[in-house]
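So you can see what is in the structure, the chains are spelled out below.
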Amino acid sequence: MLLSCLQLTFVLLEQFVVSTFLVRPVSATMIPGRYLAHQEGLPKLPVPPLRQTCERYLAVLEPLVSEQELEHTRKLMAEFLTPGGAGERLQKGLERRAHKMENWLSDWWLQTAYLDFRMPVVVHSSPGVVLPRLEFSDRQGQIRFAAKLIAGVLDFKTMIDNETLPVEYLGGNSLCMNQYYQVLCSCRVPGPRRDSVVNHARAKRPPTFITVVHNYQFFVLEVYSSDGSLLTVDQIYMQLEKIWNSSLQTNKEPIGILTSQHRNTWAKAYANLIKDKTNKESVQAIQKSIFTVCLDAPVPRVSDEMYRSRAALQMLHGGGSRWNSGNRWFDKTLQFIIGEDGTCGLSYEHAPAEGPPIVSMVDHVVEYTKKTEMVRTPLVPLPMPQKLRFNITPEIKKDIEKAKQNMNIMVHDLDVRVIVFSHFGKNVPKSHKMSPDAFIQVALQLAYFRMYQRCCSTYESASLRMFRLGRTDTIRSASIDSLNFSRTMDDPSKPVAEKVALLEKAVKAHRAYTDMAIRGEAIDRHLLGLRLQAIEDLVSMPKVFMDTSYAVAMHYNLSTSQVPAKTDCVMCFGPVVPDGYGVCYNPMEEHINFAVSAFNSCSETNAARLAQGLEDALLDMRDLVEQMPRAKL
Ligand code: COA
């Protein structure tokens with residue numbers, strides 16, 4: 001009863017309309033227990049019915065595999081679904097797991113998607129966020145902005161600590177807020193076979209400092225005064241100046257570049273690095289710190305047109321060993337990056353959270369930096385921020401050299417194109433009563449089809465945060481409906497009315513898949529669960545997970561995600577397969593920011609071409625829907 005009264009109070013508080021970008025806490029003071037009460041009120045992630053998933057899986061395969069392959073998979077599926085057979089046994093195991101656990105998927109997902117993943121987190125896992133270019137071009141502007149940004153993040157942290165962060169909603173349903181509690185004071189730690197994530201936010205004495213890195217040198221910056229109050233922007237500025245002035249040498253070993261290695265390689269180097277007590281303490285300080293701020297060295301200028309693409313690379317990998325790749329600790333969950341030329345953004349390690357909570361924090365911080373003026377207050381002298389020392393043995397030096405080489409290979413291989421599609425945003429699809437996200441995804445299917453004359457397995461992240469500890473499932477954007485539309489769109493023999501009807505059908509099908517996914521009824525996590533259950537039960541892997549169709553379905557040539565923000569920013573990430581694309585977008589009301597990535601080593605892919613194709617597809621689709629009334633006459 002007490003719980004439901006509390007919840008009612010929160011709901012009322014949350015309905016308080018937030019009128020600016022700056023997230024307003026639901027209360028100025030602490031509301032202990034609010035977070036848990038909210039979490040406990042969330043539903044548990046369901047295990048979808050077995051037959052439903054299997055039928056949907058066969059439907060998903062239709063546009064992707066040949067009729068012959070599909071027929072083979074149908075037979076394997078029938079075998080899998082035999083009464084009393086493997087499917088039913090694994091499903092029962094999953095249902096038991098779901099009954100016992102808060103979320104049957106979340107631990108498995110964290111492990112399989114992130115902690116067991118052995119590729120470097122750089123490019124292959126960690127996203128970047130590019131913020132609008134700022135109006136400074138010198139070191140003073142850089143430090144001024146950094147001070148405001150730090151204060152903005154700490155302001156957001158206060159809401160997290162006080163449990164006063166407003167609960168978010170999707171389609172009228174309140175969302176799990178757990179990810180907000182995972183992103184500060186946390187860090188990934190490499191392990192020989194599996195990594196882990198440490199989180200110090202709930203420690204007895206939670207960290208009161210951030211880490212700042214400049215010219216590859218790390219510093220501990222205490223951000224709370226001895227009385228527990230936060231440093232003012234002015235005080236942070238003074239501390240940053242001290243850091244800057246004591247890290248002027250540029251010949252330091254880029255120790256942080258070690259974190260960009262293949263995870264097994266890094267795990268070995270890590271074990272060696274922390275054998276030394278000083279090194280161990282320095283690494284632990286970085287891991288514990290609330291977040292990291294990277295004050296980057298200047299990078300070569302590029303044209304205005306290429307500026308955002310270059311900034312995306314700076315956020316994703318730092319530009320290589322000659323530039324800022326050593327000015328990072330890529331395992332750190334949150335690293336804010338600020339360049340001298342007004343470049344600003346962040347890189348985040350993906351294991352603890354998805355993009356939306358990160359970007360919502362960014363929205364708050366950006367607005368905070370606009371409002372906060374630096375007021376010179378009488379200053380109590382603050383101690384010099386502590387520099388983190390590293391003893392570099394010949395072996396560590398060798399590891400650093402190897403990491404530099406590998407990083408430079410990754411840098412050469414990654415191609416990113418950030419474009420601002422300025423012709424329209426969510427407004428046009430909305431005015432035609434279509435879901436903007438579905439419209440964009442269908443455009444992406446059309447662009448891909450025009451380049452390759454076929455469709456491909458496509459991943460779009462769908463939020464499972466309607467459920468307790470929910471992360472994501474997959475919206476499969478390549479459907480029979482999107483393929484029918486793509487095939488017909490450029491066929492001059494087909495009437496406009498038919499094209500319009502097919503477009504509407506494809507958009508509706510995508511939106512229907514989205515609704516199914518956010519309700520926890522999509523197929524991908526369920527299939528993964530069945531597979532992992534087989535491993536856990538030590539039974540042989542059902543054949544349906546070993547055939548060509550399954551491999552094709554899991555080979556995402558298009559890995560996409562919408563990460564909407566109020567700030568005019570864009571998130572970016574690398575492709576998930578060697579011959580694929582990563583596409584992330586922020587649809588604003590009147591324009592859309594896209595980040596498209598591909599690997600240069602793949603001769604079949606080209607980020608600029610897909611980005612151009614996407615623009616063309618969006619424009620052609622707008623022209624098509626604008627003919628709609630005429631076509632319907
Ligand atoms: N007619 C008119 N308007 C419509 C419409 C229609 N048929 N369908 C949707 N809209 C409106 C919506 O009301 C919404 O309005 P708003 O701008 O006022 O909020 C807007 O269009 C956007 O809706 P839509 O484009 O359909 O997308 P969405 O906001 O529901 O988002 C997902 C879809 C899949 C992106 C979202 O459900 C999701 O899961 N997000 C999380 C993704 C994620 O975790 N990414 C992280 C990767 S690291």
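Scoring rules and cut-offs
- Residues numbered from 1 in each chain as written.
- Predicted model: local features only at pLDDT ≥ 70, side-chain atom pairs only at ≥ 80, totals over all residues.
- Heavy atoms only, no water.
- UniProt positions renumbered as here; feature names shortened; annotations may be inferred.
- Near = heavy atom within 4 Å.
- Polar contact = N/O pair within 3.5 Å; in protein donor to acceptor, adjacent residues only side chain to side chain.
- Areas by Shrake-Rupley, 256 points an atom, 1.4 Å probe, with all protein chains shown as cover.
- Helix = DSSP H or I, 4+ residues; strand = E, 2+ residues; numbered from the N terminus.
- Phe/Tyr/Trp six-rings, centres within 6.5 Å; stacked < 30°, edge-to-face > 60°.
- Buried < 20%, exposed > 50% of the residue type's maximum accessible area, 1.4 Å probe, protein only.
- Contact = heavy atoms within 4.5 Å.
- Pairing = 2+ DSSP bridges.
- Axes fitted to C-alpha atoms, helices over the stretch in contact; angles between N-to-C directions.
- Salt bridge = Lys/Arg side-chain N within 4 Å of Asp/Glu carboxyl O.
- Expected span 1.5 Å × (residues − 1).
- Arc of directions from axis to C-beta.

If you look the protein up in an unreviewed UniProt entry, it shows as Carnitine O-acetyltransferase from Scleropages formosus. Turning to the protein, the UniProt annotation filed under Sequence similarities (unreviewed entry) states: "Belongs to the carnitine/choline acetyltransferase family." According to the UniProt record, the Subunit (unreviewed entry) comment for the protein reads "Monomer."

So, about the site of the ligand. Looking at the ligand, there are 23 residues lining it, with Lys-426, Ser-435, Asp-437, Ser-463 and Arg-511 nearest. Contact distances for the ligand include 2.9 Å between an oxygen atom and a side-chain N or O atom of Lys-430. In the environment of the ligand, an oxygen atom lies 3.3 Å from a nitrogen or oxygen atom belonging to the backbone of Pro-436. About the coverage of the ligand: the protein hides 70% of its 970 Å² of free accessible area. Only α13 (355-371), α16 (436-452), β13 (458-463), α18 (496-518) and β15 (558-562) provide two or more residues apiece to the shell around the ligand.

The next thing to look at is the packing of aromatic side chains. To describe a pair of aromatic rings, you give the distance between the ring centres and the angle between the ring planes. By the definition in use, this model includes 17 aromatic pairs. Between Tyr-57 and Tyr-550, the aromatic rings sit 6.3 Å apart at their centres with planes inclined by 65 degrees, giving edge-to-face as the arrangement. You can see Tyr-57 sitting in helix α3 (residues 50-61) and its partner Tyr-550 sitting in helix α20 (residues 548-554), a full 493 residues away along the chain. The burial state of Tyr-57 is the same as that of Tyr-550; both residues are buried. An angle of 75 degrees between the planes, with centres 5.8 Å apart, marks the rings of Phe-80 and Phe-545 as edge-to-face. One end of the pair, Phe-80, is in helix α4 (residues 67-80); the other, Phe-545, is in the loop between α19 (524-536) and α20, with 465 residues separating them in the sequence. There is no split in this pair, since Phe-80 and Phe-545 are both buried.

The next point concerns the UniProt feature "binding site: (R)-carnitine" (unreviewed entry) in the protein. Look at the UniProt record and you will see "binding site: (R)-carnitine" (unreviewed entry) annotated at Tyr-459, Ser-461 and Thr-472. Structurally, Ser-461 is set in strand β13. Ignoring any residue separated from it by four or fewer positions in sequence, one finds Ser-461 in contact with Thr-472, Asp-473, Ile-475, Thr-560 and Ser-561. Within the element layout of this structure, Thr-472 appears in strand β14 (residues 472-476). Residues contacting Thr-472, with those up to four places away along its chain left out, are Leu-105, Trp-109, Glu-354, Tyr-459, Ser-461, Ala-462, Leu-464 and Arg-525.

Moving on, we get to the pairing of strand β10 (residues 344-348). Taken across its five residues, β10 has five buried, putting it largely inside the fold. Side chains of β10 alternate between two faces, with Cys-344, Leu-346 and Tyr-348 and Gly-345 and Ser-347 buried alike. Pairing analysis gives three bridges linking strand β1 (residues 128-130) to β10, with the strands arranged antiparallel. Bridge pairing links Val-130 to Gly-345 in β10. Two elements, strand β9 (residues 334-339) and β10, share five bridges in a ladder whose sense is antiparallel. Bridging from a neighbouring strand, Gln-335 pairs with Ser-347 of β10.

A separate point is the sheet that holds strand β6 (residues 209-214). Ordered in space as β11-β7-β6-β8-β9-β10-β1-β16, the eight strands form an open sheet in which the pairing is mixed. Every other strand in the sheet has two partners, leaving β11 (386-387) and β16 (570-572) as the edge strands with one partner each. The sheet contact formed by strand β7 (residues 217-222) and β11 spans two bridges and is antiparallel. Of the residues in β11, the one forming a bridge with Phe-219 is Lys-387. Across the sheet, helix α9 (residues 233-245) lies against β6, β7 and β8 (292-296), angled at about 155 degrees from β7, the strand it touches most. Contacts between helix α12 (residues 304-316) and the sheet are confined to β1, β8, β9, β10 and β16, with β1 contributing the most and set at about 145 degrees to the helix.

Counted under the stated rule, the structure contains 32 salt bridges. Between Arg-194 and Asp-116 there is a salt bridge, with its nearest N and O atoms 2.6 Å apart. Of the two residues, Arg-194 is situated in the loop between β4 (186-189) and β5 (196-199) and Asp-116 in the loop between α6 (106-115) and α7 (121-124); the sequence distance between them amounts to 78 residues. For Arg-194, a relative accessible area of 41% corresponds to the partly exposed category. Its relative accessible area of 28% is what places Asp-116 among the partly exposed residues. The closest approach of N and O atoms between Glu-241 and Arg-139, which form a salt bridge, is 4.0 Å. A residue pair is termed long-range when its members are at least 10 positions apart, and Glu-241 in helix α9 and Arg-139 in helix α8 (residues 139-162) qualify at 102 residues. Among the charged side chains, a network of salt bridges with common partners joins Arg-118, Arg-188, Asp-195, Arg-263, Asp-331 and Glu-349.

So, on to α3. The end-to-end C-alpha distance of α3 is 17 Å, a good match for the 16 Å that twelve residues give at a rise of 1.5 Å each. All buried positions along α3 are accounted for by Leu-50, Thr-53, Cys-54, Tyr-57, Leu-58, Val-60 and Leu-61. Across the axial projection of α3, the buried residues extend over an arc of 160 degrees, all falling on one side. Looking at the buried residues of α3, the elements they touch are α4, α5 (86-100), β14, α18, α19 and α20.

Pairing is mixed in the open sheet, where six strands are placed in the order β12-β18-β17-β15-β13-β14. In this open sheet, the two edge strands, each paired with only one partner strand, are β12 (414-421) and β14. Within this sheet the neighbouring strands show an average axis-to-axis angle of 20 degrees, counted without direction. With five bridges joining them, β15 and strand β17 (residues 581-587) adopt parallel strand pairing. Bridging from a neighbouring strand, Ser-559 pairs with Gly-582 of β17. Against the sheet, helix α21 (residues 607-626) makes contact with β12, β15, β17 and β18 (592-599), and its axis sits at roughly 25 degrees relative to β12, the strand it touches most.

At Asn-215, a residue that is not glycine, the phi angle is positive and equals roughly 50 degrees. By the element assignment, Asn-215 lies in the loop between β6 and β7. We note that Tyr-216 has phi near 70 degrees; this positive angle belongs to a residue other than glycine. Topologically, Tyr-216 is positioned in the loop between β6 and β7. Residue Tyr-216 is classed as buried on the basis of its relative accessible area of 13%.

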